[in-house]
Every structure is written in C-alpha cells, then in structure tokens.
Amino acid sequence: AFESLRSKYNSTVPQLPCSFTEFLINIRRAYYRDLYATKKAEIWDRAKRRDLGRISGVLSGGSVKKLMGGSSAFISLPTALKSPTTSGSIETDPQRVAEMTRKYFLDLYKRTPPPDKPKPWMSTPSVIEVRDRVHQDPFVWPIAATLADFRAMLRKGNPRPSPGPDGWEKWCVKNLSDRVLQLVLDLHNYSVMHARFPGDLKDTHLTYFHKRGIRTELTNWRGLLISNFLANSPMTWLNYRLMPYAARLGIIPETQVATQPGVQTRDLMSFLSGLKTWSRRNKKTIYLLKRDQMKGFDYLSPHGFYDACEAYGLPSTICDLDQAAQSMTKCFPRTAFGIASPIVVDGVTKQGGPMSPFKATVTTSILMISRDWIQIQ
C-alpha cells in the first residue's frame, strides 16, 4: 500500500508540487470526506425509514405518542419572566423570578368555598340505579394492604417516578426485602386506616412544564406537584382498589376514555373522526364539550368528587382520606435558580397525584350518568 501511494505521489508531483507528508494528509482528508458523506447519507436514509414507519403505524391504528418528541423536547424552567406590573418588562433577577413564581402559584391555588345550591343531578333515576348497585356490592374502605398486595401495587404504573422531598425512589422500595418492606407497609397502613399524614409527610415539590405560547409567561406553564412516597402510597392503594370496582359496577360510563380499563385514546379519536364525517355529509350540527387545556387537575374542586361519592353511596371514609391528603399542604416551588420560599395550599387536586385522573373522571361522570336530568333541562 505504501509503494502504491509513493508511485501515485511521484505521478502527481509535476502537476501539484508538494511534500510527501502533505500529499498523505490530502489523501486522508479526501477519504474522510467520502466517509462522512456516506455515513450522512445512511443516517438520513435510516431516519426517513424510521419516520415513515412511525407514521404508517399511527395510520394503521397505533398510538400517536410515538409521533411526539421525547427527551429531546425537554424545556428547562424559565430564567426570565414577564413582569406582571410593568408592561413589556422582563425580570431576570433570580430573587424576582422566585418571588413572581411563588406569588403566581399562591394565587392560582387559592380556593373559595362552593356556593350552597341545590344539586338535582345527585338524585336522578340513573344515579339512583348506580347507587342501588353499589349497595348490593358495597366497596370496603378502609382496608389494610398485605405484603403481597403492596408488592402488586408497586409493580403498577411508572417504575421510576420523580422522587419527592423525601428522596425515596419507587424502584428502590420495590426491591426491598420482605422484612424491611414490612416497616414501610406499617407506615402506609397507618395512614390508610386512620386517614392521617403525620409531620411533614405531605410536603411537596412544585415544578412546572411548558404547554404552549411564550415561555416568559407563567400562564403558559402547567404546575406539577411531586409528593413523598408515603403520601402517595395510600392514595395509590385507594386508586388501585377503587378503579376496577368503579368499572365493574358501571360507575364510570362506557364512553369515558380516561381510567377506563382496556380503552385507548385512539378509539375515541376514531369515533370522533367518523362522527365529524357523518355531520359534514348530512349537514347536521353536533355540539361537543371539550376540556379547557389551560386548566389542569388543580382547577378541579374536590367537592365535586365528594358529591359523587355521596350520590353513588361510596363510603365517606374515602372523602376523609382525600381531605387529609389535601389539607394544608406545604409546597416548595422550584425555579431555574433553586427552590423558592414554600407556599401552603388547601383543597388542591394535585396535578401528578395518583387519584387525580380518577377524581376528574368520577366528577364529570355524574353529569354523564344523570341523563334524565339533562334531558329534562
């Protein structure tokens, strides 16, 4: 190989006079340019085939989550915020950003008592029918978890959720020995049986993620509360037992997608697409209720869930545990510059809590089930 390069060099010296070292460097650069172009073409071709495969999978009925950005779409917390007092002013001072973040979420999570008005939808024939089914097969609560039940519950859901202020990792607790896990289970069962969370067990980290619009406005960010493990586990245990029971007794309507076992979002999207096509062809107007995406579970009043439990005849101890988990919770807002001073919130349905999707579903389901009252109106 060396001799071939030497002969090639001797043949090119008259046209391009250079040293043998420079000649080798130029040859190497040319080879690497060809190699880079070949690799780039191959990577580009693979990316196009992968994207075509993902799109074809969605068109064939697969999940649309594969089309959404993953970790590459992560957006860090804002380092600058729009001033609420001065028009067009941007605050970049760390203390001002922390204070503005704290004040925004403090005002956002303020709650006013609901008005005392009649609720005729709680006693319609459809709701009474569901209540009779519940009385024939009552839901038992509170109930202590066994070690086998606790391990089965830990195997459900996200295996690595973000830890709360206590720093307990779910995967670490799941891999504990039976002897050590029994200590955690005793603390868990204490909160379940007594509806009490002692000490600072309910303290949470308050972070937020971008939804849409300008990132310097906090209204375009969604708050997320990250709780301690022992504050989450009693609510997870309630959700673990209550969700199958509600689906079996028809408390959750069949048309409900969220918290409905075996139902995917794409089923509803396919149905709505067919409904829209039918409406256009037949020139019929159809009205649909759409949830406001600017508002998360934290806008949901817990009293709606309590009214649903009362209307369906579910045990009042469910409401006792939920009230204990949500009362006077200390939240530590996180900013790009560190953790701000804590705020205390009361009666906030946590965005990121294990019971939040079920509570939202049951709260809205009572209006879906109360079709008699809606038809009368």
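Since the model is a prediction, treat every value here as computed from it, not as a measurement. (Residues numbered from 1 in each chain as written. Predicted model: local features only at pLDDT ≥ 70, side-chain atom pairs only at ≥ 80, totals over all residues. Heavy atoms only, no water.)

**As for the packing of aromatic side chains**
Consideration 1: Tallying each qualifying case throughout the model produces nine aromatic pairs.
Consideration 2: Plain terms: the ring middles of Tyr104 and Phe105 are 5.1 Å apart, the flat faces sit at 80° to each other, and that makes the pair edge-to-face.
Consideration 3: Between Phe105 and Tyr109, the ring centres sit 5.9 Å apart and the planes meet at 40°, which makes this aromatic pair tilted.
Consideration 4: Judged by relative accessible area, which is 3%, Tyr109 ranks as buried.
Consideration 5: Note that Arg160 overlies the ring of Trp171, its terminal NZ or CZ placed 5.0 Å from the centroid. (Phe/Tyr/Trp six-rings, centres within 6.5 Å; stacked < 30°, edge-to-face > 60°. Buried < 20%, exposed > 50% of the residue type's maximum accessible area, 1.4 Å probe, protein only. Lys NZ or Arg CZ within 6 Å of the ring centre and 35° of its normal.)

**Description of unusual backbone geometry**
Consideration 1: Going from Trp141 to Pro142, the amide bond is cis rather than trans, its omega being 5°.
Consideration 2: Within the element layout of this structure, Pro142 appears in the loop between α4 (125–136) and α5 (147–154).
Consideration 3: Phi at Ala195 takes a positive value of approximately 50°, unusual for a residue other than glycine.
Consideration 4: By relative accessible area, Ala195 is classed as partly exposed at 24%.
Consideration 5: Of note in this structure, Met328 is not a glycine but carries a positive phi near 50°. (Helix = DSSP H or I, 4+ residues; strand = E, 2+ residues; numbered from the N terminus.)

**Structural notes on α4**
Residues three or four positions apart in an α-helix share a direction because the helix packs 3.6 residues into each turn.
Consideration 1: With 12 residues, α4 ought to run about 16 Å at 1.5 Å a step, and its terminal C-alpha atoms sit 17 Å apart, in line with that.
Consideration 2: Burial in α4 covers these residues: Ser126, Val127, Val130 and Val134. The arc that holds every buried residue of α4, seen down its axis, measures 100°, which confines them to one face. Seen from the open side of α4, the exposed residues pointing more than 90 degrees away from its buried face are Pro125, His135 and Gln136. (Expected span 1.5 Å × (residues − 1). Arc of directions from axis to C-beta.)

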